[in-house]
Amino acid sequence: MLIAGAALLATGCSSPPRNGRVGQPLPGTSGGGRTPEPSGTSTASSGSDAEEALRAWRERSNGAAGPGMGEVVPRAAWTTTGPIASLARPMGRIERITVHHDGMDEFDSYSRQDSARRVEAIRRAHVNLGWADIGYHYIIDPAGRVYEGRPTSLQGAHVRDANEQNLGVMVLGNYMRRAPTEASVASLESFLRTAMRQHRVPVQRVMTHREYVPTACPGDRLQTMMNQLRTSRAGLA
Ligand SMILES: [Zn+2]
């Protein structure tokens, strides 16, 4: 029911980035279907470095990522479809991290199957917009599981005009009125701490979607949570 209701609206939080410079093409702007996300260099570069980093991160996260880090769910567990790498730019070095919610209907299922289905619905919606893949690099569900989204070797599609070197992490659900679950917040915090350390991103460059552009994302409640996490010594500060 959730997904049926969400199906038509399943685009995730992102309004499509429209500016050609770093954003992605408007759906339908290319005559024959998909326009490459950005023009430019081949996406083949540095994939192995990124994969290496991801593997190392995954090993750490399965062990010592800190309390709260949820199980990492590999991409193959939620979709059989890979990214269309030719439509994406290479990520390069990660310099910043941005937090989102999906902004669809409220969602608090702890079922892995429900969450996987929702992630896949968002991926499909994004691909139907002509994008390379789901816009986010990681997705966290209400149980705190961390789903691998778009490979980190590829630039994401989650903040209009600011996708460059920007790692996108999204919490499934809508947090305008409802507070995110404790499990998802604990996992997000642990994820952020790990990613900040790994990529040497200072807390000043861990932002939310609405801090870049006018949008409700990541919802008032998750925004408040992020404000606390970033200023608390026990959190990310
Ligand atoms: Zn967002």
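Residues numbered from 1 in each chain as written. Predicted model: local features only at pLDDT ≥ 70, side-chain atom pairs only at ≥ 80, totals over all residues. Heavy atoms only, no water.

Outline the overall build of the chain, listing residues and values.
Helix and strand content of the chain: five helices and six strands. Overall, the chain shows an N-to-C arrangement of helices and strands of α-α-β-β-α-β-β-β-α-β-α. In the chain, 75% of the contacts between residues at least 6 apart in sequence involve partners at least 24 apart. With an accessible surface of roughly 10,400 Å², the chain has 52% of that area assigned to carbon and sulfur atoms. (Helix = DSSP H or I, 4+ residues; strand = E, 2+ residues; numbered from the N terminus. Contact = heavy atoms within 4.5 Å. Areas by Shrake-Rupley, 256 points an atom, 1.4 Å probe, with all protein chains shown as cover.)

Could you give an account of helix 4 (residues 182-199), naming the residues involved and the relevant values?
Since one α-helical turn is 3.6 residues long, residues separated by three or four positions face the same way. Taking 1.5 Å as the rise per residue, helix 4 with 18 residues should run 26 Å; its terminal C-alpha atoms sit 25 Å apart, in good agreement. Among the residues of helix 4, those classed as buried are Ser184, Val185, Ser187, Leu188, Glu189, Ser190, Phe191, Leu192, Thr194, Ala195, Met196 and His199. Remark: Arg200 follows helix 4 within two positions and exhibits a positive phi of approximately 55°. (Expected span 1.5 Å × (residues − 1). Buried < 20%, exposed > 50% of the residue type's maximum accessible area, 1.4 Å probe, protein only.)

I'd like a rundown of the coordination of the zinc ion, residues and numbers included.
The protein atoms that coordinate the zinc ion are Cys13 (SG), His100 (ND1), His209 (ND1) and Cys217 (SG), at distances of 2.0 to 2.3 Å. Of note is the zinc ion, whose four donor atoms meet at the metal with angles of 98 to 115° in an arrangement that counts as tetrahedral. (Donors = N, O, S within 2.8 Å, 3.2 Å for Na, K, Ca; no water. Tetrahedral: all angles 85-135°; square planar, octahedral: opposite > 155°, others 65-115°.)

Explain the nonpolar core residue by residue, including any values.
In terms of nonpolar packing, the biggest core is built from 25 residues, with Ile97, Leu167, Val169, Leu188, Phe191 and Leu192 touching the most fellow members. Those elements that provide at least two residues to this core are strand 2 (96-101), strand 3 (138-140), strand 5 (166-171), helix 4 and helix 5 (220-231). With five residues, helix 4 is the single largest residue contributor to this core. (Core = buried A, V, L, I, M, F, W, Y, C linked by side-chain atoms within 4.5 Å.)

Requested: an account of the pairing of strand 2, with residues and values cited.
With six of its six residues buried, strand 2 lies for the most part within the structure. Across the two faces of strand 2 the burial is the same, with Arg96, Thr98 and His100 and Ile97, Val99 and His101 all buried. Pairing geometry for strand 2 and strand 5, over six bridges, is parallel. Following the sheet pairing, Ile97 is matched in strand 5 by Leu167. In this structure, strand 2 lies alongside strand 6 (residues 206-208), joined through three bridges in parallel fashion. (Pairing = 2+ DSSP bridges.)

Break down the side chain of Asn163 for me, citing the residues and quoting the values.
Inspection of the secondary structure puts Asn163 in the loop between strand 4 (146-148) and strand 5. Classification of Asn163 by relative accessible area gives buried; the value is 0%.

I'd like to hear about the environment of Glu106, residue by residue, with values.
Position of Glu106 among the secondary structure elements: in the loop between strand 2 and helix 3 (112-128). C-alpha separation for the pair Glu106 and Pro180, spaced 74 residues apart in sequence, amounts to 9.8 Å.

Talk me through the environment of Ser190; I want residue IDs and the actual numbers.
By the element assignment, Ser190 lies in helix 4. On a C-alpha basis, the gap between Ser190 and Gly235 in space is 9.2 Å, while along the polypeptide they are 45 residues apart.

Can you tell me about the confidence of the model for the chain, naming the residues and giving the values?
For the chain, per-residue confidence averages 82 on the pLDDT scale, and 73% of positions sit at 70 or higher. Low pLDDT (under 50) marks residues 1-8, which in the prediction has eight contacts with non-local residues, meaning those over four places away or in another chain. The model gives residues 16-36 a pLDDT under 50, and that stretch makes 44 contacts with residues more than four places away or in other chains. (pLDDT = per-residue confidence, 0-100.)

Give a detailed account of the packing of helix 4 against helix 5, specifying residues and quantitative values.
Two quantities define a packed helix pair, namely the angle between the helix axes and the distance between the axes. It is the contact of helix 4 with helix 5, at a shortest axis distance of 12 Å, that shows an interaxial angle of 45°. Comparing their axes, helix 5 and helix 4 come out oblique. When you trace helix 4 past helix 5, the crossing you get is right-handed. Counting all contacts with helix 4, which are made through Val185, Leu188, Glu189 and Leu192, the residues of helix 5 involved are Leu222, Met225, Met226 and Leu229. Here the contact of helix 4 with helix 5 is built from residues that sort into seven nonpolar, no polar and one charged. (Axes fitted to C-alpha atoms, helices over the stretch in contact; angles between N-to-C directions. Parallel < 35°, antiparallel > 145°, perpendicular 65-115°, else oblique. Left-handed = near helix turned anticlockwise from the far one by under 90°. Nonpolar A, V, L, I, M, F, W, Y, C, P; charged D, E, K, R; others polar.)

Account for helix 5, with residues named and values stated.
For helix 5, built from 12 residues, the straight-helix expectation of 16 Å at 1.5 Å per residue is met to within 8% by its first-to-last C-alpha distance of 17 Å. Residues of helix 5 that are buried: Leu222, Gln223, Met226, Leu229 and Arg230. Mapping the buried residues of helix 5 onto a view down its axis gives an arc of 125°, with all of them on the same face. Buried residues along helix 5 sit in contact with strand 2, strand 5, helix 4 and strand 6. (Arc of directions from axis to C-beta.)

Go over the sheet that holds strand 3, please, and point to the residues and values.
A sheet is described by the order of its strands in space; here six strands give the open sequence 1-4-3-5-2-6, paired in mixed fashion. On the outer flanks of this sheet lie strand 1 (72-73) and strand 6, each paired with one strand and no other. Helix-sheet contacts for helix 4 involve strand 2, strand 3, strand 4, strand 5 and strand 6, and the interaxial angle to strand 5 is about 170°. Contacting strand 2, strand 5 and strand 6, helix 5 runs over the sheet at an angle of about 160° to strand 6.

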